[in-house]
Amino acid sequence: MEALATVTYAGTKKNLVESEMVADTPSVAAPQKDGDPWKVKVVLTFPRDTDPFLKSTVKAAEAAIKYHCGNDVEVTIDTEFKTAPRPEVGQMLPGVKNIIAVSSGKGGVGKSTVSANLAIALARLGYKVGLLDTDIFGPSMPKMFNVEDERPYAIKKDGRDLIVPIEQYGVKLLSIGFFVSPTTATLWRGGMATSALKQLIADADWGDLDYFILDTPPGTSDIHLTLLQTLPITGAVIVSTPQQVALADARKGIDMYRNEKVNVPILGLIENMSWFTPAELPENRYYIFGKEGCKQLAEEMHVPLLAQIPLVQSICDNGDAGTPAALSSETATGIAFINLAQAVVTVVNRRNKEQPKTKIVGMNS
């Protein structure tokens, strides 16, 4: 290592050690018998295989080792290359047709449940679907999809190391929950969280998708801004309960996307927990959180009301069990989510026909 520290790499004007080009600790093998040479093996990492300084650097490294360790030392220098650069913003998901952000102004309104069931329902309708759990601090999708024990692996593709999403119920899925302990709080600053999010977007093999669903955290945060500055979001759907407190926060979520610097179309509202229907009285409706609050907000904001999802215990039970309600076509809730998926397809097709493609928010906006 001392010998390698005397070799300057022209690409950085620093020595090989300072440039972090020594891939691993050099291996040194003693002679097997008298007369045999000492053997030294070094692996150097270069930015690319067409590096103009590659040959001269390798020769200089070999000469430095022989000078410091003796001319009779047998030196082997292998080379490896860093992965291809990450695609630029705007070109990260070339095979994705529509990017849908599922948002809520307030937590606890069932946004993640809606995201999971919407993704599965779209897949059941025959579409290619991906789902990204962007809630870095409270990921829930691994449990909802019954894949908590799965661990994504990486493949080499087009010169890059890409994460392969977990596939379940016809949906490609990634979440930070696959990479952190489910029982430990994620104590990250905003920069670390947004960096991890960008990796899940840009450094994953999402392939061709008709719909890429983003399950966003509640409220408006760094995560939302990162998404808006990274992806051309086709449109957003806002999830809320009929409760006035939740509706007040839903207005803020709508305002965020409608901001003149953002201009992401609102595809519609989804009213979750619209009414409670007990299993033993399937025809009864009890409006626990108020009646038709989202319908009134949709009319006020001039956006469609895409669905009213009832509060049914089986939705919660299925989510906890990792078998979302949309998997069944025989239940009222399963049918409700299929109808929601069909409504989303309709409004997305209309949006794409009538409105230009969404532009990515500038870094200085």
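Predicted model, so just to flag it, every value in this text is computed and none were measured.

A. Region of the structure containing the overall build of the protein chain. Counting secondary structure elements, the protein chain contains nine helices and 15 strands. Radius of gyration (C-alpha) of the protein chain: 27 Å, far over the 21 Å computed for a compact globule of 365 residues. For the protein chain, the spread of C-alpha atoms along the three principal axes comes to 95 × 45 × 35 Å. Counting every position in the protein chain, which comprises 365 residues, the buried fraction comes to 47%. Expressed as a percentage of contacts within the protein chain between residues at least 6 apart in sequence, the contacts between residues at least 24 apart total 73%. Accessible area of the protein chain: about 18700 Å², with a carbon and sulfur share of 50%.

B. Here's a closer look at the layout of surface pockets. When its volume is computed, the largest pocket comes out at roughly 470 Å³. In terms of lining residues, the largest pocket is bounded by 19 residues, among which Thr277, Pro282, Pro310, Val312 and Ala332 are the most central. For the lining of the largest pocket, the elements supplying multiple residues, two or more each, are strand S14 (266-276), strand S15 (305-311), helix H8 (313-321) and helix H9 (332-354). Of all the elements, H9 adds the most residues to the lining of the largest pocket, at four residues. There is about 280 Å³ of room inside the second largest pocket. In terms of lining, the second largest pocket is formed by 19 residues, of which the most central are Val96, Lys97, Ile99, Pro232 and Lys357. Taken together, the elements giving at least two residues each to the lining of the second largest pocket come down to strand S6 (96-103) and H9. Partitioning the lining of the second largest pocket into residue classes produces eight nonpolar, eight polar and three charged.

C. How the structure looks around the packing of helix H4 (residues 190-202) against helix H5 (residues 222-230). In contact at an axis separation of 10 Å, H4 and H5 are set at 40 degrees when each is read in the N-to-C sense. Considered as vectors, H4 and H5 are oriented oblique to each other. As H4 runs across H5, the sense of the crossing is right-handed. Listed contacts from H5 to Gly190, Ala193, Thr194, Leu197, Lys198 and Ile201 of H4 are Asp222, Ile223, Thr226, Leu227 and Thr230. For the contact of H4 with H5, the class distribution of residues is five nonpolar, four polar and two charged.

Rules behind the numbers
- Residues numbered from 1 in each chain as written.
- Predicted model: local features only at pLDDT ≥ 70, side-chain atom pairs only at ≥ 80, totals over all residues.
- Heavy atoms only, no water.
- Helix = DSSP H or I, 4+ residues; strand = E, 2+ residues; numbered from the N terminus.
- Rg over C-alpha atoms; globule rule 2.2 N^0.38 Å.
- Buried < 20%, exposed > 50% of the residue type's maximum accessible area, 1.4 Å probe, protein only.
- Contact = heavy atoms within 4.5 Å.
- Areas by Shrake-Rupley, 256 points an atom, 1.4 Å probe, with all protein chains shown as cover.
- 1 Å grid on protein atoms, 1.4 Å probe; cavity = no way out; pocket = protein on both sides within 12 Å on 5 of 7 lines; lining within 4 Å.
- Points joined across faces, edges and corners; volume = space filled by probe spheres on them.
- Nonpolar A, V, L, I, M, F, W, Y, C, P; charged D, E, K, R; others polar.
- Axes fitted to C-alpha atoms, helices over the stretch in contact; angles between N-to-C directions.
- Parallel < 35°, antiparallel > 145°, perpendicular 65-115°, else oblique.
- Left-handed = near helix turned anticlockwise from the far one by under 90°.

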